[in-house]
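Report on the structure
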Amino acid sequence: METFDYIVIGAGHNGLCAAATLAEQGRSVCVVERLPVLGGLSASYPYLQDAPEHKLSIGAMDDLFMAQTPLAREMRLADFGYDTVPLAHPYGWMNEDGDTLLLWGDFARTLEDIRYFSPKDARTYEELRGPIDWIMDLIDILTVQDPSAWGKLDFAKYLLRHRPDRATRRFIGSMLSLNVFELISETFESDAMRGLWAYWSSMVGPADAVGSGVYFLGFAGVHRHLGVQRPRGGMTNLVEAFKGKLESHGGVVRLGNGVKQILVDAGRASGVLLDDGTELRARRGIVSNAAAQVTLGKLVPQELLSREERNKVSLIPANSVNAAAFKIDVATAGRIGYPKAEAARAKRDGEDIRTTTFMTGTLEDHIEQMYAMKRGVNVDTPPVYMAILSAPDRSIASAEGDVLYLHSNVPAYPSNGWDVNKDGYTEQIWKSGLRFLGGLETEIGRVVSTPQDLEKRFAAPAGAYFHVDMLLTRLGKNRPAHGLGGYSTPIKGLYQTGAGTHPTGGVVGWPGRLAAQHALRNE
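Keep in mind that what you see is a predicted model, and the values were worked out from it rather than measured. (Residues numbered from 1 in each chain as written. Predicted model: local features only at pLDDT ≥ 70, side-chain atom pairs only at ≥ 80, totals over all residues. Heavy atoms only, no water.)

Observations concerning the packing of helix H4 (residues 119-143) against helix H6 (residues 166-177)
Contact pair H4 / H6: the axes reach a minimum separation of 9 Å and the direction vectors enclose 70°. The orientation of H4 with respect to H6, classified from their angle, is roughly perpendicular. Residues Leu 128, Pro 131, Ile 132, Trp 134 and Ile 135 of H4 form the contact with H6, whose own contacting residues are Ala 167, Thr 168, Phe 171, Ile 172 and Met 175. The class makeup of the residues in the contact of H4 with H6 is nine nonpolar, one polar and no charged. (Axes fitted to C-alpha atoms, helices over the stretch in contact; angles between N-to-C directions. Helix = DSSP H or I, 4+ residues; strand = E, 2+ residues; numbered from the N terminus. Parallel < 35°, antiparallel > 145°, perpendicular 65-115°, else oblique. Contact = heavy atoms within 4.5 Å. Nonpolar A, V, L, I, M, F, W, Y, C, P; charged D, E, K, R; others polar.)

Printed below as a string of structure tokens:
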């Protein structure tokens, strides 16, 4: 029976970051992963046998959050192969007429694009930059700290040094008192700005929840620090760098053999039982990158949790408004493009828009879709999210081919279930995407992922990328639940990390870094 100081469950980027953090402090670490592929929902991999040169990204594709922090520099990930492709205009909006709005890293150029649709919206966006930067400066500080590090007195001291002006106070009040669709409607007038923010917000969490106005901040990182970065060679470049960092300090990663049960002796997590019957022992602790609903709801013997604790776990919200991601990832032998939009853009400034991730639909389209999904159905022509991932990074496709990332929101639990609905939703979303896309007649193959598929393959509750809804009541010390935040769990020596812990879901790495540091402090 092998023994390590720490066992890390799950080889997603947060699990690997936690493992590397522990190993660089001289601890022996073993990462165990059920899947045969490194990275979990942060993997870029040639899933199609007929397209071995095409790396598809079923989950994460961009680094919007981690690039705003010093994590990559602090962990010297570049020494282990981490390299990124900067995106000049990472996100945008498109309509069926071919009109396009680009969000540039360059704020001034973004304002130019917005003016094309609405001079008033451009002025509004310019006026909001100060309030948004004030909030993001605070978030930058909180992101890299344990949620228990700041108390009420710390916030009071910060506010004394960085007193927000009236416009910032007013904006914060709107974010906290309105749902995000209300805030978007009150802030912008053009379909382009309203539709872009509505799509992004609909992917973050429950858009009709009071306080979901904070989702309005989602694009702030586009104009800050390094902007949006995309790992060169796909998201696997990032997880391979974490793996290299871990192995340089003697840590190991074992794929294709998941955890069946967390072993607990005398009230303390002491090891894991793997799917093949192997037992591994942990001297100091276990760090789980699996969702809390899995770690505490399935892997831990339930009799070791109190009735209250079991109820807390069962009530953790994940895609709680029945809205979830549906993915179609495609490999083609020829070039993909946006024929009508590219022609229209050529008349404006000739900018290459193939490198931009586009979102579609008006605010009203997204409101209608939200209510449809709550009923377990969808609108006839759902808005789509489209990224030609190989346009800015030719290393993930064949010389002449492309990789398409096509996303749409769907009911997490549709009427009559996914066995009945999968083919119909695939056709519906594909047809919606064809309103904008061209070149797909050269398709080699595709991977279609329903929310149910995402849950089964990646153990993502209800197919939720973030594991826990990004609600105000589920942030900081309350993420994933009141009394279960801060990385510790009810089982001594068992620590929780991943998308469902502070600071957030998405590609950020800090849940892993902070959880490992927390474990070290508690040795």
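The rest of the description comes next.
What about a positive patch on the surface?
There is a patch of like positive charges on the surface, built from Arg 163, Arg 166, Arg 169 and Arg 170. Arg 166 sits in the exposed class, given a relative accessible area of 64%. (Patch = residues over 30% accessible without salt bridge, like charges linked within 9 Å, V, L, I, M, F, W, Y side chains within 5 Å. Areas by Shrake-Rupley, 256 points an atom, 1.4 Å probe, with all protein chains shown as cover. Salt bridge = Lys/Arg side-chain N within 4 Å of Asp/Glu carboxyl O. Lys, Arg positive; Asp, Glu negative; His and termini not counted. Charge placed at Lys NZ, Arg CZ, Asp CG, Glu CD. Buried < 20%, exposed > 50% of the residue type's maximum accessible area, 1.4 Å probe, protein only.)

So, a negative patch on the surface
A cluster of acidic side chains, namely Asp 191, Asp 365, Glu 368 and Asp 380, defines a negative patch on the protein surface. When you line up the elements, Asp 191 lands in helix H8 (residues 191-204). What makes Asp 191 partly exposed here is its relative accessible area of 38%.

A few points about the pattern of salt bridges
Under the criterion given, the structure shown has 31 salt bridges. The partner of Asp 5 in a salt bridge is Arg 284, and the shortest N-O contact between them spans 3.7 Å. With Asp 5 in strand E1 (residues 2-9) and Arg 284 in strand E12 (residues 279-288), the pair connects residues that are 279 residues apart, well separated along the chain. We classify Asp 5 as buried; its relative accessible area is 10%. In this structure, Arg 232 engages Asp 83 in a salt bridge whose closest nitrogen and oxygen atoms are separated by 2.7 Å. Placement of Arg 232 in the loop between strand E8 (229-231) and helix H9 (236-248) and of Asp 83 in the loop between helix H2 (71-74) and strand E5 (84-86) is noted, with a sequence separation of 149 residues between them. For Arg 232, a relative accessible area of 39% corresponds to the partly exposed category. Residue Asp 83 is classed as partly exposed on the basis of its relative accessible area, which comes to 36%. Connected through salt bridges with shared partners, the residues Asp 5, Arg 27, Arg 283, Arg 284 and Glu 523 form a single ionic network.

Some thoughts on the packing of aromatic side chains
Going through the model one piece at a time under the given rule, you end up with 22 aromatic pairs. Geometrically, the ring pair formed by Phe 188 and Phe 216 is stacked, given 5.7 Å between the ring centres and 20° between the ring planes. One end of the pair, Phe 188, is in the loop between helix H7 (180-187) and H8; the other, Phe 216, is in the loop between H8 and E8, and 28 residues separate them in sequence. Comparing Phe 188 with Phe 216 shows no difference in burial state: the two are buried. Both rings, one in Trp 200 and one in Phe 219, keep their centres 4.7 Å apart while their planes meet at 40°; by these two values the pair is tilted. Of this pair, Trp 200 sits in helix H8 while Phe 219 is found in the loop between H8 and E8, placing the two residues 19 residues apart along the sequence. When sorted by exposure, Trp 200 lands in the same class as Phe 219, which is buried. (Phe/Tyr/Trp six-rings, centres within 6.5 Å; stacked < 30°, edge-to-face > 60°.)

Section: the sheet that holds strand E6 (residues 91-94)
Strands sit in the order E7-E6-E14-E15-E16-E13-E17 across an open sheet of seven strands; the sheet is mixed. Of all strands in the sheet, those with a lone pairing partner are strand E7 (100-103) and strand E17 (443-449), marking the two edges. Strand-to-strand twist across the sheet, computed as the mean angle between neighbouring axes with direction ignored, equals 20°. In terms of strand pairing, strand E15 (residues 385-388) meets strand E16 (residues 402-411) through four bridges, oriented antiparallel. Bridging across to E16, Met 386 finds its partner in Leu 406. (Pairing = 2+ DSSP bridges.)

Here's the deal with the domain arrangement of the protein chain
The domains assigned to the protein chain are domain 1 (2-42 + 233-317 + 461-521) and domain 2 (120-222). Taken together, the contacts link 16 residues of domain 1 with 15 residues of domain 2. Considering only the side of domain 1, the residues that lose the most area to domain 2 are Met 470, Leu 472 and Lys 477, jointly responsible for 37% of the buried surface there. For the interface between domain 1 and domain 2, the tally reads one salt bridge. Here Arg 521 makes a salt bridge to Asp 146, at a shortest N to O gap of 3.1 Å. (Domains from an automatic or database assignment. Buried area = accessible area lost by both parts, 1.4 Å probe.)

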